[in-house]
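Below are the chains, spelled out letter by letter.
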Amino acid sequence: MRGNLAKTFTLTDTQLFRRAALPKSYTDLLGHKLFLFLLTVQGLVAFALITLGVTLRKSGVAPNVIRPRIRQEIARAGVALLPMFLFVALALGFLVIGQTVSALARVGATSYLGSTMVIVVVRELGPLLAAMLVLARVGTAHVIELGTARALGEVEALEALGVDPVHYLIVPRVVGMAVGVFALTVYLIIGALGSGYLWAFLQDVPLTPGDYFKQIAEALGWLDFALLALKTLAFGFFIAIVTCYHGLAQPLRLEDVSRVAVRAVTQGVIVCVLVDALFILLYLFT
Amino acid sequence: MSDTQNTVAIEMRGVSVGAMRDISFRVVEAVDWSVATGEFWVIAGQQQSGKSDFLMMTAGLMMPVQGSYKLLGTETQRFGEAELADRLRVGFMFEDGLLFHQLTIRENVALPLQYHRDLSSAAAAQEVQTLLDLMELTPLADITPTNISDNWRQRAALARALILRPEMLLLDNPLGRLGGRHLQWWLRFLNRLGRGHEWCGGKPMTLVATTDDLRPWQGAHRKFALLRDRKFFPLGLWDDVASAGDPVVKELLAVPVDEVVK
């Protein structure tokens, strides 16, 4: 337990480097930034591996404490965001259908609405939008909570009590966020597909509900379901890792917390885009 | 007390202590110190003299940079997850309490018990309530720490350190922020723990506390030591402290400045 966090500290202590004076030449500055980037990547990978290791190794430790915390995190990163997601689903259906109808009507291809919805909403926009919203609403809270706890010395207090901070603070957040992003994406997609038809109906598109949903069903393959599940779980996992890493894994002062929160959100967006790009490659090659 | 003092609780030989934030910086060097089970030690030192780092190392939260340190018979260099049960025989209280600000006082106290015995909050409730009653914390039990005064926060931190019924208790400057009434309560309670409190099965508890003010600790049964200039000096009993000519000791006893410098 003491080893876990100590390992993370030695592997991820980039704060000292960040606080160093900026170099004087442009090439040095480029090298400084590149080195910082590599240190961050190393830290994130190390933190992700440690978290995975603790999750597996301590799956049977204190389940009566950890399971309620996981439920709490699922409620926070999933259930609590449901009303906002219903609104976004309505808006997304309107946005995609509105644009698609005007574009497809010009070439007389409005009957492809269902397939378009699958490509745009199920494969791309749905998961990415869900991940971004969870990052904004819950990820930022993670960084601030953990960063404040770190700066106030509460992490040391946990260690003094023999409670593994990675097990108690990080594992529930990672599991909660992975499950939360997955579940919310499913709700967002269902909502957007439903609202898409509603908007198409209001625009007098000559398409029956049966045809619309048949198109959707035909456009969907088993790979879509498998990759959607993998992708959303990966989004949730990486958002949680990035936000928790910035909040917990580095020695922080209270004045660092706001700066670190901004950095974590930016890196969270970048990581999601990279994961998304990886899945586009998977779609292309399968 | 005589039968309990046969065993050694703390045994340091040539120990050097690194700073928590930078282990390469040595805050105390070459410590030779033995504490028998059931003894009550007060480690005095000015601010920034390394008391907190020394106490954290003593609790087994950090390893010594150099030397040999046996805590309750176990060499601390080997402390890892397998030796966690040994380390939990020692309770530790931080100077600022360091309660978890998102949890209520009750949840703060319950956390170590629930985590280490794998209990639900309902299963741990009775034991937690008994300790909260003992510490007179029940009226504040469902409030978060930021909403109570330093005096009560400190007491809640003591309750959290005691919930696992440790054999030894290490307290970092426990009286530093207390008002008069609370100070009296603490001294009485620590004395009861030292003599053997029913909460810990009536066995005399080994106590080590740090302080930057020696005056409240006056008492015949306590032993004293001083941290000064990165060195550890055992001072002996209160009479030895009171008669010590060391200017730092005089300062910690708040002797008038004229007498310290003459």
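Residues numbered from 1 in each chain as written. Chains lettered and ligands numbered in written order. Predicted model: local features only at pLDDT ≥ 70, side-chain atom pairs only at ≥ 80, totals over all residues.

## Some words on the overall build of chain A
Alright, step 1. Scanning chain A from N- to C-terminus turns up 11 helices and zero strands.
Alright, step 2. Along chain A, helices and strands appear, N-terminal first, in the series α-α-α-α-α-α-α-α-α-α-α.
Alright, step 3. Considering only C-alpha atoms, chain A reaches an extent of 65 × 55 × 35 Å along its principal axes.
Alright, step 4. Counting the 286 residues in chain A, one finds 41% classified as buried. (Helix = DSSP H or I, 4+ residues; strand = E, 2+ residues; numbered from the N terminus. Buried ≥ 20, exposed ≤ 12 C-beta atoms within 10 Å, placed from the backbone.)

## Description of the overall build of chain B
Alright, step 1. Within chain B, the regular secondary structure consists of nine helices and 10 strands.
Alright, step 2. Over its C-alpha trace chain B gives a radius of gyration of 18 Å, about what one expects of a compact globule, namely 18 Å for 262 residues.
Alright, step 3. In terms of principal-axis extent, the alpha carbons of chain B reach across some 60 × 40 × 40 Å.
Alright, step 4. Taking all contacts inside chain B whose residues are at least 6 apart in sequence as the whole, residues at least 24 apart take part in 66%. (Rg over C-alpha atoms; globule rule 2.2 N^0.38 Å. Contact = placed C-beta atoms within 7 Å.)

## Brief notes about the pairing of strand 10 (residues 231-236) of chain B
Residues and elements named next belong to chain B.
Alright, step 1. Looking at chain direction, strand 9 (residues 223-228) and strand 10 are connected through five bridges and run antiparallel. Pairing of L227 across the sheet is with F232, part of strand 10.
Alright, step 2. The hairpin turn running from strand 9 into strand 10, its antiparallel successor, is two residues long, and D229 in that turn takes a positive phi close to 50 degrees. (Pairing = 2+ DSSP bridges.)

## Comments concerning the sheet that holds strand 8 (residues 206-211) of chain B
Residue and element names in this part refer to chain B.
Alright, step 1. Spatially, 6-7-8-3-9-10 is the arrangement adopted by the six strands of the open sheet, whose pairing is mixed. The sheet is open, and its two borders are formed by strand 6 (90-93) and strand 10, each paired with just one other strand. Strand-to-strand twist in this sheet, taken as the mean axis angle between neighbours without regard to direction, amounts to 15 degrees.
Alright, step 2. Contacts between helix 1 (residues 51-58) and the sheet are confined to strand 3 (40-45), strand 7 (168-171), strand 8 and strand 9, with strand 8 contributing the most and set at about 160 degrees to the helix. (Axes fitted to C-alpha atoms, helices over the stretch in contact; angles between N-to-C directions.)

## Side note on the packing of helix 3 (residues 26-57) of chain A against helix 10 (residues 222-248) of chain A
Residue and element names in this part refer to chain A.
Alright, step 1. Running from amino to carboxyl end, helix 3 crosses helix 10 at an angle of 105 degrees, the nearest separation of the two axes being 10 Å. Our classification of the angle between helix 3 and helix 10 gives roughly perpendicular. Mapping the contact onto sequence places G43, L44, F47, A48 and T51 in helix 3 and I241, V242 and Y245 in helix 10.
Alright, step 2. Among the residues making up the contact of helix 3 with helix 10, the classes are represented as six nonpolar, two polar and no charged. (Parallel < 35°, antiparallel > 145°, perpendicular 65-115°, else oblique. Nonpolar A, V, L, I, M, F, W, Y, C, P; charged D, E, K, R; others polar.)

## Points about the confidence of the model for chain B
Residue and element names in this part refer to chain B.
Alright, step 1. With 94% of its residues at a pLDDT of 70 or more, chain B has an overall mean of 88.
Alright, step 2. Low confidence marks residues 1-5, where pLDDT is under 50. Its contacts with residues over four positions away, or in another chain, come to 10 contacts.
Alright, step 3. What the predictor reports for the complex is a pTM of 0.85 with an ipTM of 0.85. (pLDDT = per-residue confidence, 0-100.)

## Some thoughts on the interface of chain A and chain B
Alright, step 1. In this assembly, 17 residues from chain A lie in contact with 21 residues from chain B.
Alright, step 2. Mapped by element, the contributors of at least two residues to the side of chain A that touches chain B are helix 4 (63-77) and helix 7 (154-160) of chain A.
Alright, step 3. Ranked by residues supplied to the side of chain A that touches chain B, first place goes to helix 7 of chain A with five residues.
Alright, step 4. Considering only residue class, the side of chain A that touches chain B consists of nine nonpolar, four polar and four charged.

## What about the nonpolar core?
Alright, step 1. With 150 residues, the main nonpolar core has A:V134, A:I239 and B:A159 as its most contacted residues.
Alright, step 2. Per-element accounting of this core gives the leading share, 19 residues, to helix 8 (residues 165-202) of chain A.
Alright, step 3. Contacts of B:A159, omitting those with residues within four sequence positions, involve B:V109, B:L131, B:L132, B:M135 and B:L137. (Core = buried A, V, L, I, M, F, W, Y, C linked by C-beta atoms within 7 Å.)

## A short note on the sheet that holds strand 5 (residues 74-75) of chain B
Working definition: the strands of a sheet are paired by backbone hydrogen bonds and lie parallel or antiparallel to each other.
Residue and element names in this part refer to chain B.
Alright, step 1. Read across the open sheet, the four strands follow the order 2-1-4-5; overall the sheet is antiparallel. Edge positions in the open sheet fall to strand 2 (26-36) and strand 5, since each of these has one partner strand only.
Alright, step 2. Relative to strand 5, strand 4 (residues 66-71) runs antiparallel, the two being bridged by two bridges. Each residue of the ladder has a partner; that of L71, found in strand 5, is T74.

## Structural notes on the packing of helix 4 of chain A against helix 8 of chain A
Residue and element names in this part refer to chain A.
Alright, step 1. Axis separation between helix 4 and helix 8 bottoms out at 8 Å; the angle between their running directions is 40 degrees. On the basis of the axis angle, helix 4 is oblique to helix 8. For the pair helix 4 and helix 8, the sense of crossing is right-handed. Every residue of helix 8 that contacts helix 4 at I66, R69, I70, E73, I74, R76 and A77 is listed here: H167, V171, P172, R173, V175, G176, M177, V179 and G180. (Left-handed = near helix turned anticlockwise from the far one by under 90°.)

## Concerning the environment of B:L71
All names here are of chain B.
Alright, step 1. Structurally, L71 can be placed in strand 4.
Alright, step 2. Distance from L71 to K231, taken between C-alpha atoms, is 20 Å for residues 160 residues apart in sequence.
Alright, step 3. In contact with L71, not counting residues within four places along its chain, are I10, G60, T76 and V90.

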